[in-house]
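Letter by letter, the chains look like this.
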Amino acid sequence: MSSDATTAVPTVTVTDVPGPLGPLGQEPAAHGLGTSLPQAESRAKTEGTFPYASDLWAEGLLWAAILRSPHPHARIVSVDTSAAVAMPGVRAVVTAADVPGAATYGRRVADRPVFASDLVRHHGEALAAVAADHPDTARLAAAAIAVEYEVLEPVTDPEKAFAAEPLHPDGNLIRHIPLRFGDPEATGEVVVEGLYRIGRQDPAPIGAEAGLAVPRPDGGVELYTASTDPHTDRDLAAACFGLPPEQVKLVVTGVPGATGDREDPGFQIPLGLLALRTGCPVKLTATREESFLGHAHRHPTLLRYRHHADAEGRLVKVEAQILLDGGAYADSSSESLAAAVAFACGPYVVPHAFVEGWAVRTNNPPSGHVRGEGAMQVCAAYEAQMDKLAAKLGVDPAELRMRNVMATGDILPTGQTVTCPAPIAELLAAVRDFPLPPLPKDTPEGEWLLPGGPEGAGEPGAVRRGVGYALGMVHMLGAEGTDEVSTATVRVADGVATVICSAVDTGSGFSTLARQVVQETLGIEEVHVAPVDTDQPPAGPAAHGRHTWVSGGAVERAAKMVRTQLLQPLAHKFGMSTELLQITDGKITSYDGVLSTTVTEALDGKELWATAQCRPHPTEPLDDAGQGDAFVGLAFCAIRAVVDVDVELGAVRVVEMAVAQDVGRILNPAQLAVRIEAGVTQGVGAALTENLRTARGLVRHPDFTGYALPTSLDAPDIRIVKLVEERDVVAPFGAKAASAVPVVTSPAAVAAAVRAATGRPVNRLPIRPQAAVAAAQG
């Protein structure tokens, strides 16, 4: 690569974004909310000293391996473990017959077996686990287990699942949601239709999925794993072990980021069984193939749409059919479907909407929670429909969207009123008016700018540039009656504050936020966040921005209670209320200047502590017509994508992503920018490269050779052109979830830009090169 090329490394730029203490990027204050306090573990992660689950060790350690099915659908005739048991070094082999408690588990529906016993329902399903004194011995022993299968015809087409023989005792239909809103007879002067397919995106964790189980003297077991919902995982495991929850402890080890992939207990339950059986610590580090086969993926989705509009392009009615492929087990398919159906029309005012949504079981790999689930799939479809409508009316795509965007006070098709800030028009205007990037040079020195990179075969004359827009929305916290609650304790001793909360920081920055909250509330600079385990009160799963809202809210309440304990003696001494005292930069002062002392002096060696809970207002399930106040809050995003497409090769280069987002309140400017960057990049992967391919239920190339993640060279320049700080009054800090909504919006924006470049529809994600070539030649 030429020296000039090095200046074009993809960048993240924050433009015209006022923060609480000035524009983003300026030198922040020392600590507190609104500052760019770095993550506590940043240095350890960059230096390679951060302790991940795969680094764990224990005296007398045994190694585990899991036998997985080579078939997507088969009847198990027999399982013979004798050869494995007889191998030197093998300490235990467990199958379905050795599970002492519940034979199945599941976060929402307990329909997934710990080990398959009668039927195999997907490629890679676990049948047995082995513990041995060496990892190679464990793998060889697992391979030595003889399983006789009666191979069955797999059901891999979700449309055929309705008429197929039941794949599970609960049937093939996981959930059906019919949404009815407005007049079914309403029609528009202009009608556009489309059929869309969204592929199977894998969370693809770079860090190995691993865990350690250690037996306890009381007959219980301790699990060390990168869980994102430790109490639920603990309870599921205890039920399978046949133990009370108090005899199972789950300790959260270093989580190397998570977008859903750390939520499957399928690794830790076999580990615990082996530890209980052998009386020894047992460790499992999954291979890359096991990761692809074992954990949940984004739901592949089939969507049919019909949009009605008047002659001016204002939406009249949206009709849609949405079919989610849940794979072999239910997992979070019900929740994903609810989001897909509720947001099927997007952040637009739609007087009449009629949506049918289904989630079904198949013999494909299991689907589950992945960031932006449900919302991402429908965003790609409804934004494609908006582009079709704009083309049919001869209206600029951004202008058509502007005519239809919703605002605070509008009503969702679920009948719920949008009470939170919804500055969608402002977001769209920001990305629309942001200057476009310059065109690449048509010179050999600029070849690195071509789609396919400097080593590609592209010619500058075959490159077409396209600009596309997309608007996305997600819900925050759990939905449909989920009881969201978190508990936190703040303790101050010897001038140091400690936060105890079982909220797992999966990269969302919760531990940093907790430190900032305590620093600002108590004026104590040294704040530690205790490691997470299930001896602490539950805080719930790390998803939908809930730890910023619910767990952060609990920390804030506990810190304020400690603040009251700290200030009350001073207030009483000077005959004033605590509200007349303030803490700033470690100093306590009164409104009239009479009192001035330091926090350290006020503590005077005392130990203070308080525990508090945060529980948002309740929601309700969608009814038989898809109606109900199902969501606590909403977040919105607008993205303009600029792409270059080689119309001969079908290669696509994402040049720039301009992002505008409503964030409620900026709590940590640097972390917020990073979260948005990561979300956009994940969305670009879903748009162009990421698709876990299957052939008749068999996963093809379950590795990073066959599954292409975007690298740093594939990442576009990301321009954060506007962050709207309109606080959500029901949120503890007024802040909104940050990372999911750019994941939802960016694939639709990239697809819109490719449509603009080629002049043909793009109805499938990820976008295949042959589709771009065919479009150009069509």
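Residues numbered from 1 in each chain as written. Predicted model: local features only at pLDDT ≥ 70, side-chain atom pairs only at ≥ 80, totals over all residues. Heavy atoms only, no water.

Tell me about the overall build of the chain, residues and numbers included.
Within the chain, the regular secondary structure consists of 16 helices and 34 strands. The dimensions of the chain, computed from C-alpha atoms along their principal axes, are 80 × 75 × 60 Å. Per-residue burial for the chain yields a buried fraction of 60% across its 778 residues. Counted over contacts in the chain with a minimum sequence separation of 6, partners at least 24 positions apart contribute 80%. With an accessible surface of roughly 29,600 Å², the chain has 52% of that area assigned to carbon and sulfur atoms. Averaging the coordinates of the 62 positive side-chain charges in the chain and doing the same for the 92 negative ones gives two points 2 Å apart. (Helix = DSSP H or I, 4+ residues; strand = E, 2+ residues; numbered from the N terminus. Buried < 20%, exposed > 50% of the residue type's maximum accessible area, 1.4 Å probe, protein only. Contact = heavy atoms within 4.5 Å. Areas by Shrake-Rupley, 256 points an atom, 1.4 Å probe, with all protein chains shown as cover. Lys, Arg positive; Asp, Glu negative; His and termini not counted. Charge placed at Lys NZ, Arg CZ, Asp CG, Glu CD.)

Tell me what's going on with the packing of helix H11 (residues 510-522) against helix H12 (residues 546-574), and back it up with residues and numbers.
For the pair H11 and H12, interaxial distance at closest approach is 9 Å and the crossing angle is 25 degrees. If you check the angle between H11 and H12, you find them roughly parallel. The crossing of H11 and H12 is right-handed. Within the contact between the two elements, H11 uses Phe510, Leu513, Ala514, Val517, Val518, Thr521 and Leu522 and H12 uses His547, Thr548, Ser551, Gly552, Val555, Glu556, Ala559, Lys560, Val562 and Arg563. (Axes fitted to C-alpha atoms, helices over the stretch in contact; angles between N-to-C directions. Parallel < 35°, antiparallel > 145°, perpendicular 65-115°, else oblique. Left-handed = near helix turned anticlockwise from the far one by under 90°.)

I'd love a proper account of empty space enclosed by the protein, names of residues and values included.
In total, this model carries 7 cavities of 30 Å³ or more according to the counting rule given. Space inside the largest cavity adds up to approximately 650 Å³. Residue lining of the largest cavity: 42 residues in total, with Ser508, Gly545, Arg675, Ala738 and Ser739 positioned closest to the centre. Put simply, the parts of the chain that give the lining of the largest cavity at least two residues each are strand E21 (463-479), H11, H12 and helix H14 (669-688). A breakdown of the residues in the lining of the largest cavity according to their chemical character gives 18 nonpolar, 17 polar and 7 charged. (1 Å grid on protein atoms, 1.4 Å probe; cavity = no way out; pocket = protein on both sides within 12 Å on 5 of 7 lines; lining within 4 Å. Points joined across faces, edges and corners; volume = space filled by probe spheres on them. Nonpolar A, V, L, I, M, F, W, Y, C, P; charged D, E, K, R; others polar.)

Now, about the nonpolar core: what can you tell me, with residues and values included?
In terms of nonpolar packing, the biggest core is built from 110 residues, with Tyr305, Ile322, Phe343, Leu634, Phe636 and Val750 touching the most fellow members. Counting residues in hydrophobic clusters, the runner-up holds 48 residues, among them Val518, Ile524, Leu595 and Phe733. (Core = buried A, V, L, I, M, F, W, Y, C linked by side-chain atoms within 4.5 Å.)

Got a sec to walk through the sheet that holds strand E11 (residues 146-151)? Specific residues and values, please.
Strand order in this open sheet of 3 strands is E9-E5-E11, and the pairing throughout is antiparallel. Both outer strands of the open sheet, strand E9 (119-120) and E11, are each paired with one neighbouring strand and no more. Pairing of strand E5 (residues 74-80) with E11 involves 6 bridges; the strand directions are antiparallel. Bridge pairing links Val79 to Val147 in E11. (Pairing = 2+ DSSP bridges.)

Please set out the sheet that holds strand E27 (residues 596-598) residue by residue, giving values where relevant.
One open sheet holds the 3 strands; their spatial order is E25-E26-E27, and the pairing between them is antiparallel. Unpaired on one side and paired on the other, strand E25 (581-584) and E27 mark the two borders of the sheet. For this sheet, the mean inter-axis angle between neighbouring strands, taken without regard to orientation, is 25 degrees. Where E25 meets strand E26 (residues 587-590), 4 bridges bridge the pair, whose relative direction is antiparallel. Of the residues in E26, the one forming a bridge with Ile583 is Ile588. Across the sheet, H12 touches E25, E26 and E27, and the angle it forms with E25 is around 125 degrees.

Please set out the confidence of the model for the chain residue by residue, giving values where relevant.
Across the chain, the average pLDDT comes to 89, with 93% of residues at or above 70. Across residues 1-12, confidence stays below pLDDT 50; counting only partners more than four residues off in sequence or on other chains, it has 19 contacts. Within the model, the stretch residues 14-29 combines pLDDT values under 50 with 35 contacts to residues more than four positions away or in other chains. (pLDDT = per-residue confidence, 0-100.)

With reference to specific residues and values, describe the pairing of strand E4 (residues 62-68).
Most of E4 is tucked away: 7 of the 7 residues are buried. Because side chains alternate across E4, one face comprises the buried residues Leu62, Ala64, Ile66 and Arg68, and the other comprises Trp63, Ala65 and Leu67, equally buried. Pairing analysis gives 2 bridges linking E4 to strand E17 (residues 282-285), with the strands arranged parallel. Its bridge partner being in E17, Leu62 is matched across the sheet by Val282. Where E4 meets strand E10 (residues 126-132), 6 bridges bridge the pair, whose relative direction is antiparallel. Residue Trp63 lies in a different strand from E10, and its bridge partner there is Ala132.

Account for a negative patch on the surface, naming residues and giving values.
A cluster of like negative charges, contributed by Glu620, Asp623, Asp624 and Asp629, occupies part of the molecular surface. Looking at the element boundaries, Asp624 is found in the loop between strand E28 (608-614) and strand E29 (631-646). (Patch = residues over 30% accessible without salt bridge, like charges linked within 9 Å, V, L, I, M, F, W, Y side chains within 5 Å. Salt bridge = Lys/Arg side-chain N within 4 Å of Asp/Glu carboxyl O.)

So what's going on with the pattern of salt bridges? Residues and values would help.
Tallying each qualifying case throughout the model produces 34 salt bridges. Arg180 is the salt-bridge partner of Glu356, the closest N and O atoms lying 2.2 Å from each other. Here Arg180 lies in strand E12 (residues 173-181) and Glu356 lies in strand E20 (residues 352-360), a separation of 176 residues in the sequence. With a relative accessible area of 17%, Glu356 lands in the buried category. On the basis of relative accessibility, which here comes to 36%, the residue Arg180 falls in the partly exposed class. Between Arg719 and Asp717 there is a salt bridge, and its shortest N-O distance comes to 3.4 Å. Like Asp717, Arg719 is buried. One salt-bridge network, in which partners are shared between bridges, spans Glu383, Asp387, Arg401 and Arg755.

Tell me about helix H8 (residues 375-393), and name the residues and values.
End to end, H8 covers 27 Å across 19 residues, agreeing with the expected 27 Å (1.5 Å per residue, within 8%). Just downstream of H8 lies Gly394, where phi reads positive at about 70 degrees. (Expected span 1.5 Å × (residues − 1).)

Go over the pairing of strand E16 (residues 248-252) with me, naming the residues and quoting the values.
Two faces make up the sheet, and in a regular strand the side chains alternate between them. Summarising burial for E16: 5 of the 5 residues are buried, a large majority. With burial as the criterion, each face of E16 is covered, one bearing Val248, Leu250 and Val252 and the other bearing Lys249 and Val251. Judged from the 5 bridges that link them, strand E15 (residues 221-225) and E16 form a sheet pairing that is parallel. Bridge pairing in E16 places Glu222 opposite Lys249. Handedness of the E15-helix H4 (residues 230-241)-E16 crossover: right-handed. (Right-handed = clockwise from strand over helix to strand, strands pointing away.)

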